[in-house]
Amino acid sequence: MAATSQASLLLAKQLKDLTKNPVDGFSAGLVDDTNIFEWNVTIIGPPDTLYDGGYFNAIMSFPANYPNSPPTVRFTSEMWHPNVYPDGRVCISILHPPGEDPNGYELASERWTPVHTVESIVLSIISMLSSPNDESPANIEAAKEWRERRDEFKKKVSRIVRRSQEIL
């Protein structure tokens with residue numbers, strides 16, 4: 001129980017900080033005011049990228065032992081990206097559990113550490129949108145298209161960006 005209360009205090013502080021000092025590129029708030037462990041995040045597609053001008057919603061779910069374990073992040077908006085699973089889950093190193101990678105792809109230093117905050121996580125996702133990593137993709141079809149048929153990839157992302165703007 002103590003871990004849950006520590007996590008909720010830390011998350012409440014991060015929410016308050018983001019509310020007082022918003023960060024360019026995204027907004028964040030609670031899905032439901034009674035649950036500090038579920039956040040709604042809207043990421044604005046980074047300028048000068050394929051996602052420029054898009055509005056992408058995601059749910060960030062924090063475990064009771066946060067910050068010792070990472071949250072999960074899942075886009076609820078349509079997303080086509082090598083590092084986003086078809087179901088919307090984001091796959092970046094800092095969201096992987098701390099310690100050694102059982103598959104040997106990542107260094108422990110690239111994985112989750114308790115110093116990460118909501119802000120650093122979302123900024124990493126924005127960076128991921130800017131530079132896909134097709135070396136260890138979560139969405140194999142998107143990665144293949146990114147590598148082999150870049151024009152088709154661009155067209156698909158352009159349609160997704162347009163649709164995200166129409167939903168507003």
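Residues numbered from 1 in each chain as written. Predicted model: local features only at pLDDT ≥ 70, side-chain atom pairs only at ≥ 80, totals over all residues. Heavy atoms only, no water.

Undergrad: How do you make sense of the sheet that holds strand β3 (residues 55-61) when you look at a structure like this?
TA: Pairing between the strands of a sheet is mediated by backbone hydrogen bonds and can be parallel or antiparallel. Spatial ordering of the open sheet is given by β1-β2-β3-β4, a layout of four strands whose pairing is antiparallel. Every interior strand has two partners, whereas the edge strands, β1 (26-30) and β4 (72-75), have only one. Neighbouring strand axes in the sheet, compared pairwise and without regard to direction, differ in orientation by 25° on average. With four bridges joining them, β3 and β4 adopt antiparallel strand pairing. Its bridge partner lying in β4, Ala58 is registered against Phe75. Set on the sheet, helix α2 (residues 118-130) makes contact with β1, β2 (38-44), β3 and β4; between it and β2 the angle comes to about 40°. (Pairing = 2+ DSSP bridges. Helix = DSSP H or I, 4+ residues; strand = E, 2+ residues; numbered from the N terminus. Axes fitted to C-alpha atoms, helices over the stretch in contact; angles between N-to-C directions. Contact = heavy atoms within 4.5 Å.)

Undergrad: Even after reading the chapter, I still don't get the pairing of β2, so can you show me in this structure?
TA: For a regular strand, the rule is simple: side chains alternate between the two faces of the sheet. Here β2 shows one buried face, formed by Trp39, Val41 and Ile43, and one open face, formed by Glu38, Asn40, Thr42 and Ile44. Taken together, the five bridges between β1 and β2 define a ladder with antiparallel strand orientation. The partner of Ala28 across the bridge, within β2, is Val41. With seven bridges connecting them, β2 and β3 associate as antiparallel partners. (Buried < 20%, exposed > 50% of the residue type's maximum accessible area, 1.4 Å probe, protein only.)

Undergrad: Got a minute to help me understand the pattern of salt bridges in this structure?
TA: Opposite charge on two side chains permits pairing when their charged atoms draw close. Using the criterion set out here, one finds nine salt bridges in the structure. A salt bridge links Arg111 to Asp101; the shortest N-O distance between them is 3.7 Å. Of this pair, Arg111 sits in the loop between β4 and α2 while Asp101 sits in the loop between β4 and α2, placing them ten residues apart in sequence. Note that Arg147 and Asp134 form a salt bridge whose closest N and O atoms lie 3.9 Å from each other. (Salt bridge = Lys/Arg side-chain N within 4 Å of Asp/Glu carboxyl O.)

Undergrad: Honestly, a nonpolar patch on the surface in this entry has me stumped. Any pointers?
TA: Residues Ile44, Tyr55 and Leu168 make up a contiguous nonpolar surface patch of roughly 290 Å² in combined accessible area. Along the chain, the position of Leu168 falls in the segment after α4 (150-167). (Patch = residues over 30% accessible without salt bridge, like charges linked within 9 Å, V, L, I, M, F, W, Y side chains within 5 Å. Areas by Shrake-Rupley, 256 points an atom, 1.4 Å probe, with all protein chains shown as cover.)

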